[in-house]
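Below are the chains, spelled out letter by letter.
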Amino acid sequence: MALLLVSITALFLAQAFPELPSEIGSWRVVGAAEKHAGPGLYTYMNGGAELYLEHSFEELMVRFYERGNDQISVELYRMKESGYGVFTLLRSENGEPVAMGDAGFRSGYYVIFSSGKFFCAVTAQSEFTDAAQAAVEIGKTVAALLPPADSASKKIEPLPERDRLLNSDKIIAGPVGLRNVSDALAGLFSGFAEGAAARYGRDKEGSVLAGFMRWRSAAQARAAFKQATQRASKEKDFEAKAANGELSFRDFEGKSGLAVVSGSQVLFAIGPEPTRARELITQLQEKK
Amino acid sequence: MSRQITRRGFVRASAGSAILSAATLSLAAADAPPDLVACQGPDAEQNTRAVVEALGGMGRYVKRGQVVGLLPNFQGPRPGASTDLGIIRAVASMCRDAGASEMRCLTWLPQALWDRPDTKNVRQALDEGEIKLVIVPVPPPPAKRGDPAPPDPPEVAAAWRTLEVPKGLKLKQIRVFNALWECDVFISMPIFKDHIGSRFTGVLKNYMGTSHPIDNQKFHPSFEGANLEHMEQCVADLNTVVRKPDLCIVAAMECLKTNGPFGPGDVVKPQQVVAGHDRVALDVYGAGLLGLDGPKVSMIRRAYDHGLGEIDLTKLEVVKLFAMKATC
């Protein structure tokens, strides 16, 4: 018991990777543990590494489990602060929550979850019959080995709670994340330090996307806003209008967008109804 | 058309129009090859054979004794992330039948990746197809993100050539592996799928599999402080100087629709293989399969602006084939 406590304490302090079991149910680990640190992620992931690097990725450990011809990968990413940011961006709109780590989600052949500094993806390498069930089983085993923590980030606290759609919050740490949230915003704004967004309404159809981006200073936010206004005015598809620190535009789906510079932040709302978008901007200002 | 294919039914129709006939139909040999061919059906290998036959057969591209370079996109076996192995098998078989002396799978992905448990099926498919895996050496990544990379060791540098990019709007110079020019025929074999940075990846972006990974890192916005259009312009610029593909055969059997290019993410299943020569047109078609408006995808539009291909599919002959199980 003492040894177990010492092990858990050591893991908690160092945030090292846990030793994954050699067998989970009928699944048996194959190959050696593979690790990639920092920019080494590019050699593991041939594309898409930027999203993880935006969220201060530190190190990845990969293990494979096999059962006959079926295979499941376990990718355990350790971030500098929290695994929740990547989790929010990779969470599928077609999936469903699952009790795993601090926040878990499953969709088809895979499961993802965050737990403290860790983000984990458990992926069946083909869509075999019990792929989802097996991914959940292995995911729960891995999650139980990680130190308990609350990775659901404080970064979403500035987002209004009323009418917020469940599991719609996304943490934005850079341009790749912003594009995951909105193509139009990604085409307009750059250079921010952090941000978050969520959807508001009764369901996704007809909902309003609202959130904020924060720069390191009010001067930087104003400069970025000015640059966005110039970019928007060059593209006629945006139908941009700017006045008094407000930029109204249309996104690529024809929805009405409103962005307002406020101190070191730009608050934004995009939806089918301009009135509702403005209401959410007001709520964001009140939360701020 | 091979016997194997004529045992199945194929229906030829203009893209987007209704099926013209449900009967077994041979493609008229006298027809000039179309610009772009897609074949939809449950079997990637059959679809591949059908599209290549519709373009005039592999013999149009590969002559006896030639070396064929293949550039698939491998991201592991997870659904929707990699070029289907059925396509690899079909292409290898057709190249061999056409008289190819050697087939090479070109990659700079390190040996360690090819040794991983999840790539054993890929290795097996390459072995069965008698495709030689040509791993171009790359230096280890810098210790810290954004750190300047040290000069390549001589044995690494010798495998790469530096190209000036005179038409490049963002990219002025790029290293591309020599192996791309060391084959007689070059067949690009990507997969259409989502890309979390550029929204879409297909034929144009597949060329990042030939350019130096350290240079590729500079495509990404975080190093530039610019927006994502930097990468999209870099991809378009890269395509102005690399060797043109002799043929593109693109996987669209199942494609990541979210969280690409690596996944895991939501998958759509168009069950198609698409072939042609026009990189822009192919990507416009592929973007459509993912629910995107191809001409509005920034990377595709920028490649079109460079004059790399046609963005308006109505100006091309696009043929769609449907592969069905024979009923008799």
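Residues numbered from 1 in each chain as written. Chains lettered and ligands numbered in written order. Predicted model: local features only at pLDDT ≥ 70, side-chain atom pairs only at ≥ 80, totals over all residues. Heavy atoms only, no water.

Undergrad: How should I be thinking about the sheet that holds strand E11 (residues 208-214) of chain A in this particular structure?
TA: Paired through their backbone hydrogen bonds, the strands of a sheet run either parallel or antiparallel. Residues and elements named next belong to chain A. Spatial strand order, E9-E10-E11-E15-E14-E13-E12: seven strands in an open sheet with antiparallel pairing. Edge positions in the open sheet fall to strand E9 (170-172) and strand E12 (241-243), since each of these has one partner strand only. In this sheet, neighbouring strand axes are inclined to one another by 15° on average, regardless of whether the strands run parallel or antiparallel. Examined bridge by bridge, E9 and strand E10 (residues 194-200) share three bridges and lie antiparallel to one another. Across the sheet, the residue bridging to Ile 172 is Gly 195, located in E10. Relative to strand E15 (residues 265-271), helix H9 (residues 274-287) is tilted by about 150°, and along the sheet it contacts E10, E11, strand E13 (246-250), strand E14 (256-262) and E15. (Pairing = 2+ DSSP bridges. Helix = DSSP H or I, 4+ residues; strand = E, 2+ residues; numbered from the N terminus. Axes fitted to C-alpha atoms, helices over the stretch in contact; angles between N-to-C directions. Contact = heavy atoms within 4.5 Å.)

Undergrad: Can you help me understand the confidence of the model for chain B in this one?
TA: When pLDDT is low, close inspection of the predicted coordinates is not appropriate. Counting all residues, the mean pLDDT for chain B is 88, and 87% of those residues have values of 70 or more. Residue range residues 1-30 of chain B is modelled with pLDDT below 50. Its contacts to residues more than four positions away, or to other chains, number 60 contacts. (pLDDT = per-residue confidence, 0-100.)

Undergrad: What am I meant to see in the interface of chain B and chain A here?
TA: If you look at the interface, chain B gives 43 residues, while chain A gives 45 residues. For the pair chain B and chain A, the summed buried surface comes to about 3,600 Å²; carbon and sulfur atoms form 54% of the total. Where chain B touches chain A, the interface holds six salt bridges. In this structure, the connection of chain B to chain A is made through 15 residue pairs in polar contact (both at pLDDT 80 or more). For the side of chain B that touches chain A, a count of residues per class yields 21 nonpolar, 11 polar and 11 charged. (Buried area = accessible area lost by both parts, 1.4 Å probe. Salt bridge = Lys/Arg side-chain N within 4 Å of Asp/Glu carboxyl O. Polar contact = N/O pair within 3.5 Å; in protein donor to acceptor, adjacent residues only side chain to side chain. Nonpolar A, V, L, I, M, F, W, Y, C, P; charged D, E, K, R; others polar.)

Undergrad: Explain the side chain of Glu66(A) here, please?
TA: Turning to its location among the elements, Glu66(A) is positioned in strand E3 (residues 57-67). At 3.0 Å, the side chain of Glu66(A) and the side chain of Lys120(B) are in polar contact. Dropping the residues within four chain positions of it, Glu66(A) is found in contact with Ser26(A), Trp27(A), Arg28(A), Val30(A), Gln71(A) and Lys120(B).

Undergrad: Would you mind showing me how to read the pattern of salt bridges here?
TA: Between side chains of opposite charge, a pair can form as their charged atoms come close. According to the stated counting rule, one finds 30 salt bridges over all chains in the structure shown. For Asp183(A), the salt bridge is made with Arg199(B), and the minimal N-O distance between the two is 3.4 Å. With Asp183(A) in helix H7 (residues 183-188) and Arg199(B) in the loop between strand E8 (185-189) and helix H7 (203-206), this pair bridges two chains. Owing to a relative accessible area of 26%, Asp183(A) belongs among the partly exposed residues under this scheme. Note that Arg250(A) is salt-bridged to Glu239(A), the shortest N-O span being 3.3 Å. Taken together, the positions of Arg250(A) in strand E13 and Glu239(A) in the loop between helix H8 (218-234) and E12 put the pair 11 residues apart, joining distant regions of the chain. Residues participating in the shared-partner salt-bridge network are Arg179(A), Asp183(A), Asp194(B), Arg199(B) and Glu232(B). (Buried < 20%, exposed > 50% of the residue type's maximum accessible area, 1.4 Å probe, protein only.)

Undergrad: Sorry if this is basic, but what is going on with the packing of aromatic side chains here?
TA: Where two aromatic rings form a pair, the distance of their centres and the angle of their planes describe that pair. For the structure shown, the criterion picks out 18 aromatic pairs over all chains. Centroid distance Phe17(A) to Phe118(A): 6.0 Å. Interplanar angle 55°. Geometry classified as tilted. Of this pair, Phe17(A) sits in the loop between helix H1 (2-14) and strand E1 (23-24) while Phe118(A) is found in strand E8 (residues 118-124), placing the two residues 101 residues apart along the sequence. There is no split in this pair, since Phe17(A) and Phe118(A) are both buried. Ring geometry for Phe192(B) versus Phe200(B): centroids 5.9 Å apart, planes at 25°, classification stacked. Relative accessible area serves as the criterion here: at 0%, Phe200(B) is assigned to the buried category. Members of the aromatic cluster, connected to one another through ring pairs, are Tyr52(A), Phe57(A), Tyr77(A) and Phe119(A). Between the NZ or CZ atom of Arg78(A) and the centre of the ring of Phe17(A), over which it lies, the distance is 5.2 Å. Taking the ring centre of Phe105(A) as reference, the NZ or CZ of Arg91(A) above it sits at 5.9 Å. (Phe/Tyr/Trp six-rings, centres within 6.5 Å; stacked < 30°, edge-to-face > 60°. Lys NZ or Arg CZ within 6 Å of the ring centre and 35° of its normal.)

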